[in-house]
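# Coordinates in review
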Amino acid sequence: MYNFEFEKPETVADAVAALGAEDAQALGGGQTLIPTLKQRLASPSTLVSLKNIAEMQGVCKGDDGSICIGGATNHATVAAEAGDYPALAETAAHIGDPAVRNRGTIGGSLANNDPSACYPAAALASGATIVTNSREIAADDYFQGMFTTALEEGEIVTEVRFPVPEKANYQKFVQPASRFALVGVFVAKYSDGVRVAITGASNDGVFRWAEAEAALSANFAPEALDGLSLSGDDMISDLHGTGAYRAHLCGVMTKRAVAAAA
Amino acid sequence: MPKDGGIGASSKRREDVRFLTGVGNYTDDINIHGQAHVFFLRSDMAHGTINSVDTSAASGMPGVVQIFTGADFEAVGSIPCGWQVTDKHGEVMQEPRHPVLAHGKVRHVGEPIAAVVAETLEQARDAAEAIKLDISELPAVVDMKDALKEGATKVHDDLNNNLCYDWGFVEENKAATDKAFEDAAHVTTLELVNNRLVANPMEPRVAVGDYARGTDEHTLYTTSQNPHVIRLLMGAFVLGIPEHKLRVVAPDVGGGFGTKIFHYQEEAFCTFAAKACNRPVKWTSSRSEAFVSDAHGRDHVTKIELALDADNNFTALRTETHANMGAYLSTFAPSVPTWLHGTLMAGNYKTPLIYVNVKAVFTNTVPVDAYRGAGRPEATFQLERVVDKAARELGVDPVALRRQNFITEFPYATPVAVEYDTGDYHATMDKLESMIDRDGFAARRAESEKNGKLRGLGVNCYIEACGIAPSNLVGQLGARAGLYESATVRVNATGGLVVMTGSHSHGQGHETSFAQVVADMIGIDENMVEIVHGDTSKVPMGMGTYGSRSLAVGGSAMVRATEKIINKAKKIASHLLEASEGDIELKDGAFSVAGTDKSVAWGDVTLAAYVPHNYPLEDIEPGLEETAFYDPSNFTYPSGAYACEVEVDPDTGKVTIERFAAADDFGNIVNPMIVTGQVHGGLAQGIGQALLENCSYDENGQLLSASYMDYAMPRADDLPMFDVDHSCQTPCTHNPLGVKGCGEAGAIGSPPSVVNAVVDALQSAGKDVTHIDMPLSPDRVWAAMQ
Ligand SMILES: Cc1cc2nc3c(=O)[nH]c(=O)nc-3n(C[C@H](O)[C@H](O)[C@H](O)COP(=O)(O)OP(=O)(O)OC[C@H]3O[C@@H](n4cnc5c(N)ncnc54)[C@H](O)[C@@H]3O)c2cc1C
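On a predicted model such as this, the values are computed, not experimentally measured, just so you know. The residue count restarts for each chain, going from 1 along the sequence in the order it is written. Following the order in which they are written, the chains are lettered starting with A and the ligands numbered starting with 1. Local features in this predicted model are restricted to residues whose pLDDT is 70 or higher, and side-chain atom pairs enter the listing and the counts only when it is 80 or higher, whereas totals over whole chains, interfaces and linings include all residues. The basis for every side-chain value is the complete set of heavy atoms in the structure, and neither hydrogens nor water enter the calculation.

## A word on the interface of chain B and chain A
- Facing the 25 residues of chain B at the interface are 22 residues of chain A.
- The term buried area denotes the loss of accessible surface (1.4 Å probe radius) that occurs when two parts are joined, taken as the sum for both partners. Both sides together, the interface formed by chain B and chain A hides about 1,900 Å², and carbon and sulfur atoms give 50% of it.
- Its largest share of buried area at the contact with chain A, chain B owes to B:M709, B:D779 and B:W782, together 25% of the area lost on that side.
- Whenever Lys or Arg places a side-chain nitrogen within 4 Å of a carboxyl oxygen from Asp or Glu, that contact is recorded as a salt bridge. In this structure, A:R256 and B:D651 form a salt bridge, with 3.3 Å as the shortest nitrogen-oxygen distance.
- Residues adjacent in sequence count toward polar contacts only when both atoms are side-chain atoms; beyond that, a polar contact is any pair of N or O atoms within 3.5 Å, and within protein one must be able to donate a hydrogen and the other to accept it. Viewed at the interface, chain A and chain B are joined by 17 residue pairs in polar contact (both at pLDDT 80 or more).
- The numbering of helices and of strands both runs from the N terminus, where a helix is a DSSP run of H or I of at least 4 residues and a strand a run of E of at least 2. Those elements that provide at least two residues to the side of chain B that touches chain A are α3 (121-129) and α19 (778-785) of chain B. Whether two residues touch is decided by their heavy atoms; if any such pair falls within 4.5 Å, the residues are in contact.

Okay, structure coming up:
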């Protein structure tokens, strides 16, 4: 780890100001960033911890019935307190291990946009709104490929708003070593249609499976997916599975998610 | 009735109190006043020519004490190899020089190129980043078969080629074996890979070098399974330090699994640098470094053939194996695919003719050496897979085929140069069958099918050679060391004992089980016995712990030394009791005169030994301290039968282990709880190898599984509750305790049953799958089903 300054602001405004310094970086739970620093793969001048910002903590219910999660809320809190959106709470409950869940945050996860992370699938399938210090970004516009998002330099995810679906489920097929998603499928059924978001599989990061959404919007049942498949060509191929295997798992996990949600 | 003390009791592990309450003394806990830290700059290239290592900018950086490169070690010896294999043409193996720091060339990712000693580790890392390396990359040699092709890039330019040795065993049997294959009614052939593994002990390696200028004495604290061997190898072959000026201490060690047997460059470096810098020098491996610097395990590619006659008797066995040595020869690397593997190819079966060919190959990868089981898992896996495949091809019950070919008469001389002293393979198989409810399997399979899952049952046997080893025998086979063990038993005046054993405990619980043995022999409380190990300044020359040798060899030395103590104590007692020595009996910690009520307590005798007022000084010396060295006359041969029941999810290829049963014959048992724990740990590692662990390189020699993000270790929820039995006991006939060793059995015996079970499950669904290479990860199982 290289040396850095450490700031612990108590308001979003102070955090934004602190992040204005050259090479300053936000610190959420540190579950991704600290290992990176330890490996000397990053050298921020200042780490701005978001942990003490009260307005970025906790789970609450919005006026429109959506679940609002503060950007610095850790996974364990979401697992325990997002009971109004059970599939979301369940998703949080299966991220990493207890140590990870007690530190890692939703803002950190969405900012990082790891291609195998769980929250991106939940946010995209839910049509969530990512709220930052300066604007609101629709999930459909937010995820822009592996480790890439719509966030600007120094922009902070302060809140994430999830409209609550009628039915939803997340199926995570774990990569045996990291236990991130080898393929994770989040299916959410809203009154105006079904959304299916898949993580872990694609070289372009989390994505929506349009054909499956159309089929499921017409008939929310596993059989609706019969005959549908994705191509493995643009999927991740590594030690843990080929693109073809991942493409196959997308189909299996989507079916299972629908069966579990229905 | 279970005993509550002594041999056979499940005494609680006394060492766990300090391990579990955070007051153990591991090497990283040792910090010496004034110590500096070393950071190794390691190669990120698999193969390259070092043009220059420019340390000029780095040496001026804050906190830097001194920077070392390969040039500083030119006058220093090569990291030695402890075993010389002679090939099938009678030629000795090719043995490359293994420098402390790379010189001329780098030969694997992770090889240390330079070492920065600085006040703090972070300063050392900062300076290491300022070292300018000029290395021309060379093509990497990764695949073993490619490495042996004509004109292949050479890992070592000064060797003839990348072939370390081409070993044939037993060469005299080759023609007869080939003939038996021509005459066979059936031949089963199987090509398989024994996957490469990273040992991953919980505690990474650590070394602290210290040097006392006043006395010219060196001390090395290190995470080792055998401190005396390190002292001998490093002192005599690398640094030229006489043993009386070199102390090696291996304090509490958090797991070894083989990878802490070997002498490593970092140990030599810290010892050397402590003198050069006149400062204690400490290195603690990071987990990332461990992946590219701890010796790896296994990595065999094998073709095995089994010949059977018309009645399904095994008539011959033939194998061809390529064994990866990595870039250099680690301490015991050459012995693993040869003498620890070929000699076990008979397994539990009376196959009359066996021929084993092993080509050991240099590649641009981390050196490969012994890993829990060392050679025997490789043998067991091939044999038990090919036997299973034969049973399927012949349409016979795999258990019946095994039983039909079991060795039943002991001692039994195998065609591969070893003699099994004792065993009862039907007994362990009977026991296993009584544990696994084979009759209920069909119903369980039907239940699984209802849930859309495929269920399979796999069984296998194993035999292994433990208690290594008779020194004269291993000397003939190429070992450059003896493999006896030592013990000193020191009785204090007030009756307590300290046993200094050459065995080393790095999780096995010797402090408990060894104390049980001595306490039992004397009839005193276990808490009166203290076990000391791991310090060359305290313990007589010992060979350390590996190959499940501690109790069988180290324990035997301890028994011999304790017998000497008892004999002398009886002499003292006979004097005190004014009786003839032959009439003295020792029971429950008291000496009595046979047939009388006259007795004297253990503590009175020990006191007399050190306060010899009333003492036979004309016949015996005062004091009560004895040393014994024990050299076994044979290996020990634990054996057993294992069964695994799996469920396979046909949609994803995911395998879950539903049931696992192990029936082992370890001979006599000192502490059943510890034995159970050893089997559990071994099973976890064996199942880890079978389902999860996959150390993999790409074609450029980059390690793909270089962290826990990609290297899958078994976790508790990957494993079922184990059903473990060790009530079948055929005591070893040639050591005083009748013990065989239990440390590796689980890792040796479990992989084949897992793979056999998965093949069984897939075939039950009509899939034409006869083999899948380990690890049976979901993607591989799914691909095999397509
Ligand atoms: C062992 C282990 C297992 C894991 N398993 C899983 C898993 O199964 N599924 C899964 O999804 N994830 C998993 N993770 C990742 C975990 O969820 C992390 O917590 C998450 O990816 C990052 O969140 P963080 O709060 O720790 O962010 P940090 O590590 O602190 O930061 C990550 C990045 O986000 C930025 N950042 C942090 N907070 C904000 C914010 N509010 N606004 C803008 N930028 C911000 C930082 O500057 C940094 O660039 C695992 C991690 C570990 C260590």
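From this point on, the discussion continues.
## Details of helix α10 (residues 243-261) of chain A
- Multiplying 1.5 Å by the helix residue count minus one yields the expected span of that helix. Taking 1.5 Å of rise per residue, the 19 residues of α10(A) would be expected to cover 27 Å, and the 27 Å separating its terminal C-alpha atoms lies within 8% of that figure.
- Where α10(A) is concerned, the buried positions are A:G243, A:Y245, A:R246, A:A247, A:L249, A:C250, A:V252, A:M253, A:T254, A:A257, A:V258 and A:A261.
- Looking at the packing, one finds that the buried side of α10(A) touches β9 (167-174), β10 (181-190), β11 (193-199) and α9 (210-218) of chain A together with α19 of chain B. Residue exposure (1.4 Å probe, protein chains only): buried if accessible area is under 20% of the type maximum, exposed if over 50%, otherwise partly exposed.

## Considerations on the sheet that holds strand β29 (residues 722-725) of chain B
All names here are of chain B.
- Judged by pairing direction, the sheet is mixed, and its four strands sit side by side in the order β19-β27-β28-β29 without closing on themselves. The strands lining the two open edges of the sheet, one partner per strand, are β19 (454-463) and β29. If you compare each strand with its neighbour and ignore which way they point, the axes differ by 10 degrees on average.
- For two strands to be treated as a pair, DSSP must find at least two bridges joining them. Looking at chain direction, β19 and strand β27 (residues 639-648) are connected through ten bridges and run antiparallel. Each bridged residue has a counterpart across the sheet, and for I463 the counterpart in β27 is S639. Every axis in this analysis is a line fitted to C-alpha atoms, fitted for helices over the stretch in contact. Angles between the N-to-C directions lie between 0 and 180 degrees.

## Overview of the domain arrangement of chain B
Residues and elements named next belong to chain B.
- As far as domains go, chain B holds domain 1 (27-138 + 202-255 + 260-293), domain 2 (300-469 + 634-785) and domain 3 (484-630).
- For domain 2 and domain 3, the distance between their C-alpha centres works out to 40 Å.
- Taken residue by residue, the interface counts 20 residues in domain 2 and 19 residues in domain 3.
- Counting every contact that joins domain 2 to domain 3 gives zero salt bridges.
- Here domain 2 and domain 3 share eight residue pairs in polar contact (both at pLDDT 80 or more) between them. Marked domain ranges trace back to an automatic or database domain assignment.

## Examining the packing of aromatic side chains
Residues and elements named next belong to chain B.
- Ring pairs are drawn from Phe, Tyr and Trp, using the six-membered ring of Trp, whenever the two centres fall within 6.5 Å, and their geometry is named by plane angle: stacked under 30 degrees, edge-to-face over 60, tilted for the rest. Scanning the entire structure with this criterion turns up 32 aromatic pairs over all chains.
- Geometrically, the ring pair formed by F332 and Y546 is tilted, given 6.1 Å between the ring centres and 40 degrees between the ring planes. Pair noted here: F332 is in the loop between β14 (314-326) and β15 (353-362) and Y546 is in the loop between β22 (529-532) and α15 (550-577), with a separation of 214 residues, a long-range link.
- On the accessibility criterion, F332 (12% relative accessible area) is buried.
- An aromatic cluster is defined as three or more aromatic residues linked by ring pairs; in this entry it consists of F40, F68, F73, F269, F272 and W283.

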